[in-house]
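Structure assessment
Here is what each chain is made of, one letter per residue.
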Amino acid sequence: MHVLASRLRRLPPSCGPVRLVGVDGHAGSGKSTFAGQLADALGGAPVLHLDDIASHDELFDWTGRLLREVITPLGRGERARYAPYDWRTRRCGPPRDLPPAPVVLVEGVGAGRRALRPHLACLLWMDLPREESWARGRSRDGVEQREFWEEWVLAEQRHFAEDPSRPFADALVRQCRQGYETTDGPGVTPGPDHDITHGDDPTAMC
């Protein structure tokens, strides 16, 4: 993981002084866990969870608010401020700050959407098939979220049909028995510096 973190630090800034890194994939594919480990490897890099930006009423229609509340201030080198959504109480909580750190991770379904890609230094895609991802998500959330998952699956299918992320990913991330395997994504033109690294010390092809 530290090799990946080192490569991300060396990327040119993409959003003002910030290297904005998207971690996208199907719901249940392990984005949050991976982003948390990557943030630790980066020395405590801030992580914006798109679940905090989305809501029941706006599963995917949150682009304008994200650009206004997060991307624009970070692009000016300023601290962003947003109110995270609580999925159980269905209301926003107290405002939260997001500093313009050297690397900021944006994690969630839709992190690689076309409106955000111009602001990203690198896009990582959790490469787990959607049916397997959704099964893991349903198991994680339990019976009480069954109806929500039925709605979510349809919304996610529509989103990726209209605005796919995987074809533009710089790297594909696959979870292994020990750590992660990272390979070039479809968005990268192969070259001599783009090798494949296996195990828990992945190399990002950004």
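None of these values were measured; they are calculated from a predicted model.

Focus: the packing of helix H1 (residues 2-10) against helix H2 (residues 31-41)
Contact geometry of H1 with H2 gives a least axis separation of 9 Å together with a crossing angle of 70°. On the basis of their axis angle, the class for H1 and H2 is roughly perpendicular. Together, His2, Leu4, Ala5, Leu8 and Arg9 of H1 and Phe34, Leu38 and Ala41 of H2 make up the contact between the two elements. Considered class by class, the residues forming the contact of H1 with H2 number six nonpolar, one polar and one charged.

Digging into the packing of helix H4 (residues 130-141) against helix H5 (residues 146-162)
Orientation of H4 relative to H5, taken along the N-to-C sense of each, is 150°, at an axis distance of 11 Å. Between H4 and H5, the interaxial angle falls into the category roughly antiparallel. Crossing angle aside, the handedness with which H4 passes H5 is right-handed. In this structure, H4 uses Arg130, Trp134, Gly137, Arg138, Arg140 and Asp141 to contact H5, whose residues at the interface are Trp149, Val153, Glu156 and Gln157. Tallied by class, residues from the contact of H4 with H5 come to three nonpolar, two polar and five charged.

Things to note about the side chain of arginine 19
Looking at where arginine 19 falls in the secondary structure, it is placed in strand E1 (residues 19-24). The buried charged residue arginine 19 lacks any salt bridge partner; its closest oppositely charged side chain belongs to aspartate 170, at an N-O distance of 13 Å. Polar contacts involving the side chain of arginine 19 include one to the main-chain carbonyl oxygen of arginine 9, which spans 3.1 Å. Not counting the four nearest positions on each side in its chain, arginine 19 is found in contact with Leu8, Arg9, Leu11, Pro12, Pro13, Ser14, Pro102, Val103, Val104 and Ala121.

Reading the values: rules and limits
Residues numbered from 1 in each chain as written. Predicted model: local features only at pLDDT ≥ 70, side-chain atom pairs only at ≥ 80, totals over all residues. Heavy atoms only, no water. Axes fitted to C-alpha atoms, helices over the stretch in contact; angles between N-to-C directions. Helix = DSSP H or I, 4+ residues; strand = E, 2+ residues; numbered from the N terminus. Parallel < 35°, antiparallel > 145°, perpendicular 65-115°, else oblique. Contact = heavy atoms within 4.5 Å. Nonpolar A, V, L, I, M, F, W, Y, C, P; charged D, E, K, R; others polar. Left-handed = near helix turned anticlockwise from the far one by under 90°. Buried < 20%, exposed > 50% of the residue type's maximum accessible area, 1.4 Å probe, protein only. Lys, Arg positive; Asp, Glu negative; His and termini not counted. Salt bridge = Lys/Arg side-chain N within 4 Å of Asp/Glu carboxyl O. Polar contact = N/O pair within 3.5 Å; in protein donor to acceptor, adjacent residues only side chain to side chain.

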